[in-house]
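# Structural overview
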Amino acid sequence: MASKRFLYVNRKAPHGTIYALESLEVVLIGAAFEQDVSLAFIDDGVYQLMRNQDTAAIGSKNFSPTFRALGDYDVSKIYVEHESLEMRGLSKDDLMPLTYEDEDDDWAEKDSIHVVSSAELAEIIEQQDVILDF
Amino acid sequence: MSVLHIVNKSPYDRNSLDTCLRLARADAAILLIEDGIYAVQKNAAASEKMRQALGRHPIYALQPDLRARGIDPDNMIEGISLVDYDGFVKLTTEYDKLQSWL
């Protein structure tokens, strides 16, 4: 079966609703099928990648460390919309570092997160076969 | 008499904060909880309206919700007070009425 290009679009903040956790679980399950997977974080979705999330005092599961497993599943294309970060007073430094090991480059550790403009993201969306929204 | 307004929605996802600020009287206080706490961030699109609101109302934010979302208190707009769960309960006793802008 030819591999398809899948884009998972994340637009919800992490803890107020179940969307973010459900999306991450679907991504990890889908990654096992060796498809070409990209993730986009737009609007309040950018909050999912904030560093130093600590949910101990609100009694809910902190799934944010799970994003770090994406690199091990060959999910290395994580696109964050610049305009969404800027509107929220955030920059890439506010996000957790996410990396993968590039097998085509002697397993060098590389950055998975790419901050892109709206125009660049529109182009990425255009290139996909399947788009799943959360 | 005075009302404690509670906002639990992100200012970038819903209009709850806008409507709350439009309708809150000058003697009212605002408490941000859950996704409402995203309004505390400085240098953001909602910062200016928050600064204006701070001229009219005491504004509180629930610290455990801030921490859960990885917001650094150093990046909060100046003048917003953090409260813990005990502080939340105390606030609810200090105001006559509560309004939750769901």
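Whatever comes next refers back to the structure up there.
Residues numbered from 1 in each chain as written. Chains lettered and ligands numbered in written order. Predicted model: local features only at pLDDT ≥ 70, side-chain atom pairs only at ≥ 80, totals over all residues. Heavy atoms only, no water.

From N to C terminus, chain B includes four helices and five strands. Reading chain B from its N terminus to its C terminus gives the helix and strand order β-α-β-α-β-α-β-α-β. Over its C-alpha trace chain B gives a radius of gyration of 12 Å, about what one expects of a compact globule, namely 13 Å for 102 residues. Projected onto its principal axes, the C-alpha positions of chain B cover 35 × 30 × 25 Å. In chain B, buried positions account for 55% of the 102 residues. For chain B, the share of sequence-separated contacts (at least 6 apart) that also reach a separation of at least 24 residues comes to 73%. Counting 12 positive and 14 negative side-chain charges, chain B places the centres of these two groups 6 Å from one another. (Helix = DSSP H or I, 4+ residues; strand = E, 2+ residues; numbered from the N terminus. Rg over C-alpha atoms; globule rule 2.2 N^0.38 Å. Buried < 20%, exposed > 50% of the residue type's maximum accessible area, 1.4 Å probe, protein only. Contact = heavy atoms within 4.5 Å. Lys, Arg positive; Asp, Glu negative; His and termini not counted. Charge placed at Lys NZ, Arg CZ, Asp CG, Glu CD.)

Bringing the packing of aromatic side chains into the picture now. According to the stated counting rule, one finds three aromatic pairs over all chains in the structure shown. Centroid distance Y47 of chain A to Y38 of chain B: 3.4 Å. Interplanar angle 5°. Geometry classified as stacked. With Y47 of chain A in the loop between β2 (36–41) and β3 (77–81) and Y38 of chain B in the loop between β2 (29–32) and α2 (47–54), the pair connects residues from two separate chains. Of the residues examined, Y47 of chain A reaches a relative accessible area of 1% and is grouped as buried. (Phe/Tyr/Trp six-rings, centres within 6.5 Å; stacked < 30°, edge-to-face > 60°.)

The next thing to look at is a negative patch on the surface. All names here are of chain A. Residues E34, D72, D74, E101, E103, D104 and E109 make up a contiguous surface patch of negative charge. Relative to the elements of secondary structure, E109 occurs in strand β5 (residues 108–111). Take E109: its relative accessible area is 60%, and that puts it in the exposed class. (Patch = residues over 30% accessible without salt bridge, like charges linked within 9 Å, V, L, I, M, F, W, Y side chains within 5 Å. Areas by Shrake-Rupley, 256 points an atom, 1.4 Å probe, with all protein chains shown as cover. Salt bridge = Lys/Arg side-chain N within 4 Å of Asp/Glu carboxyl O.)

Another aspect to go through is the pairing of β3 of chain A. Residues and elements named next belong to chain A. Counting buried residues in β3 gives four out of five residues, a clear majority hidden from the surface. With four bridges joining them, β3 and strand β6 (residues 113–116) adopt parallel strand pairing. Bridge assignment links I78 to a residue of β6, and that residue is I113. (Pairing = 2+ DSSP bridges.)

Now for the sheet that holds β2 of chain B. By way of backbone hydrogen bonds, the strands of a sheet pair with one another, either parallel or antiparallel. Residues and elements named next belong to chain B. Spatially, five strands are ordered β4-β3-β2-β1-β5 in an open sheet, and the strand pairing comes out parallel. Each of the sheet's edge strands pairs with one partner strand only, and the pair in question is β4 (81–83) and β5 (97–101). For this sheet the average axis-to-axis angle between neighbouring strands, irrespective of direction, equals 25°. Here strand β1 (residues 3–7) pairs with β5 via five bridges, running parallel. Directly across from V7, in β5, lies its bridge partner W101. (Axes fitted to C-alpha atoms, helices over the stretch in contact; angles between N-to-C directions.)

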